[in-house]
Amino acid sequence: MQKGMESNMRKAALHNLGCKVNAYETESMQQLLEASGYEIVPFEEAADVYVINTCSVTNIADRKSRQMVHRAKKKNPNSVVVAAGCYVQTAREQVQKDNAVDILIGNNKKHELPILLERFFATRETASRTVSLVEDIATDSGYESLSISRTAERTRAFVKVQDGCNQFCSYCIIPYARGRVRSRQVADVLEEAARIAASGCREVVLTGIHLSSYGVDLGTNLLHLIEEVHKVPGIVRIRLGSLEPKIITEEFARRLSRLPKICPHFHLSLQSGCDDTLRRMNRKYTCREYRHVCDILRNNFSHPAITTDVIVGFPGETDEEFETTRKFLRQIGFFEIHIFKYSRREGTRAAKMERQVPEEVKQARSETLFGDLAPMNEEYLKYYLGRQAEVLLEEKVSFSGQEYFLGHTKEYVKIAVPFSGQEDGNLENKLVQGVVSSKLKEHVLLMEHVLEEA
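The sections below set out a description of the structure shown in this document. (Residues numbered from 1 in each chain as written. Predicted model: local features only at pLDDT ≥ 70, side-chain atom pairs only at ≥ 80, totals over all residues. Heavy atoms only, no water.)

Let's shift gears to the sheet that holds strand β13 (residues 336-341). The sheet built from 3 strands is open, its strands ordered β11-β12-β13 with parallel pairing. Edge strands, defined here as strands with exactly one partner in the open sheet, are β11 (265-267) and β13. Between one strand axis and the next, the sheet turns by 15° as a mean value, whatever way the strands run. The sheet contact formed by strand β12 (residues 305-312) and β13 spans 6 bridges and is parallel. Residue I311 lies in a different strand from β13, and its bridge partner there is F340. (Pairing = 2+ DSSP bridges. Helix = DSSP H or I, 4+ residues; strand = E, 2+ residues; numbered from the N terminus. Axes fitted to C-alpha atoms, helices over the stretch in contact; angles between N-to-C directions.)

Encoded structure:
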């Protein structure tokens, strides 16, 4: 067999753990392997190479990362198991001792995956230990050159534009796993958005580890990037990843509202509705400031969807503080709330704090907030009944024996359109308009008649 042709016969499987940024990077690594001649197979199948893009946001995420590494090696003991990402970056010495891992790749070296694999295969018979490419990410000031040329989803593509975080919230390990803020050049983002549009994808989601910090290292800012992406032909929707509240100013909201492609769906990280808890978390805003930001968005957009994250059971959270949070959430009236029970993460300040909240109390508070969320969601969705909406259709689904095409509005409200099979062609990736008639099922509204293609 000729040198350089071996990889053409090899199979690779990838598994992603964690956030949307991780998912983007996993997709990029897959495309790098495909370009190097690897056949990509499902993770459940036997493969020559297994790549696990790990997560380290909690101790539980660390454990899941270890489990996936061992599951891969068990599938094929002769395979090459690659552990990449956040868990590797924060626990390099521990991972290096794991006999199930052959190659370790840190968070700024994933683009070197094909080269590392070829080197490993070339020296496998003589290599006596694990290959490690994990550097001190805190000193790295460059943005890693990862990109994608297409996406597994035909309608929506995530585009990573930023990495790292300078916030150092007391519960979070991410600044240690991802390093300081590093931004992608505007021209590079625009090139990728154009490739994605050329592949037929109509919506992009700009994402990053701390998206609001985009550009601080380049002398630019997120708003400028958004306005440039807005000019890319073929992209009809621009959605934003999680934002820090303080990025929302009157000027920011006003300029966004002038961009027709912008989706008025804003995920504003909150974490707690109690100022005392926010201070312990080292969050850099107050509840009053957060409420003002929501008012700015609602003054500049018609019925924007505002979603958030909330941590219950943070160290020291009393019953009174929890009730303060409940009251604040009801006052804001969110479309959706992602509720997390505080998970102790070694290596963070919060892990050392006194008055850790018992697990059963966290569970009870989580269930209480889920109960509070239902009427908020119901109230938000009621607005659309009898109104015209624009939907980007994504996939065919079945509810109670009836087939529908399911999609989302710009606000990320799920809308189902009946599908009889007699329509001209596939409705996937079509942008349609119609009147919302009723609620079909939980969290899904019904548009019985499409008025026109947008």
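Having seen the structure, we can now continue with the description.
The backbone of F168 sits at a positive phi, close to 55°, despite the residue not being glycine. Along the chain, F168 falls in the loop between β7 (156-163) and α6 (174-178). A relative accessible area of 27% means that F168 is categorised as partly exposed. For R355, which is not a glycine, the phi torsion comes out positive at approximately 60°. Assignment of secondary structure puts R355 in the loop between β13 and α13 (359-382). (Buried < 20%, exposed > 50% of the residue type's maximum accessible area, 1.4 Å probe, protein only.)

So, on to α13. In this model α13 runs 35 Å from its N-terminal to its C-terminal C-alpha over 24 residues, within 8% of the 34 Å that 1.5 Å per residue would give. By the burial criterion, the buried members of α13 are K362, R365, S366, L369, D372, L373, M376, N377, Y380 and L381. Considering only its buried residues, α13 is in contact with β12, α12 (319-332), β13 and β19 (444-446). (Expected span 1.5 Å × (residues − 1). Contact = heavy atoms within 4.5 Å.)

With that settled, the discussion passes to the side chain of S272. Positionally, S272 belongs in the loop between β11 and α10 (275-281). Taking the relative accessible area as the measure of exposure, S272 reaches 0% and is therefore buried. At a separation of 3.2 Å, a polar atom in the side chain of S272 contacts the main-chain amide nitrogen of C274. Discounting chain neighbours no more than four positions away, the residues touching S272 are T277, L278, M281, C287 and T325. (Polar contact = N/O pair within 3.5 Å; in protein donor to acceptor, adjacent residues only side chain to side chain.)

A few words on the layout of surface pockets. Empty space among the atoms can be located by rolling a probe the size of a water molecule over them. In this structure, the second largest pocket occupies an estimated 340 Å³ of space. Along the wall of the second largest pocket there are 13 residues; nearest its centre are A23, E27, T151, A152 and E153. Residue assignment for the lining of the second largest pocket shows that the elements contributing at least two residues are α1 (20-35) and β7. Considering each element in turn, the lining of the second largest pocket owes the most residues, 7 residues, to α1. Residues belonging to the lining of the second largest pocket are distributed by class as follows: 4 nonpolar, 3 polar and 6 charged. (1 Å grid on protein atoms, 1.4 Å probe; cavity = no way out; pocket = protein on both sides within 12 Å on 5 of 7 lines; lining within 4 Å. Points joined across faces, edges and corners; volume = space filled by probe spheres on them. Nonpolar A, V, L, I, M, F, W, Y, C, P; charged D, E, K, R; others polar.)

Time to look at the sheet that holds β7. In space, the 4 strands of this open sheet follow the order β8-β7-β9-β10, with mixed pairing throughout. The strands lining the two open edges of the sheet, one partner per strand, are β8 (182-183) and β10 (237-240). Sheet analysis places β7 next to strand β9 (residues 203-208), joined by 6 bridges and oriented parallel. Looking across to β9, one finds that R156 is bridged to E203. Across the sheet, helix α7 (residues 186-198) touches β7 and β9, and the angle it forms with β7 is around 170°.

Enumeration according to the criterion identifies 1 cavity of 30 Å³ or more in this entry. The calculated volume of the largest cavity comes to roughly 40 Å³. Along its surface, the largest cavity is lined by R66, V69, A83, Y87, V95, D98 and V101. Across the lining of the largest cavity, the residue classes tally to 5 nonpolar, no polar and 2 charged.

What follows is about the pattern of salt bridges. With the rule as written, the count across this model stands at 36 salt bridges. The residue E34 makes a salt bridge to R150 at a minimum N-O spacing of 2.4 Å. Here E34, found in helix α1, pairs with R150, found in the loop between β6 (131-133) and β7; they are 116 residues apart in sequence, far enough to count as distant. By relative accessible area, E34 is classed as partly exposed at 29%. (Salt bridge = Lys/Arg side-chain N within 4 Å of Asp/Glu carboxyl O.)

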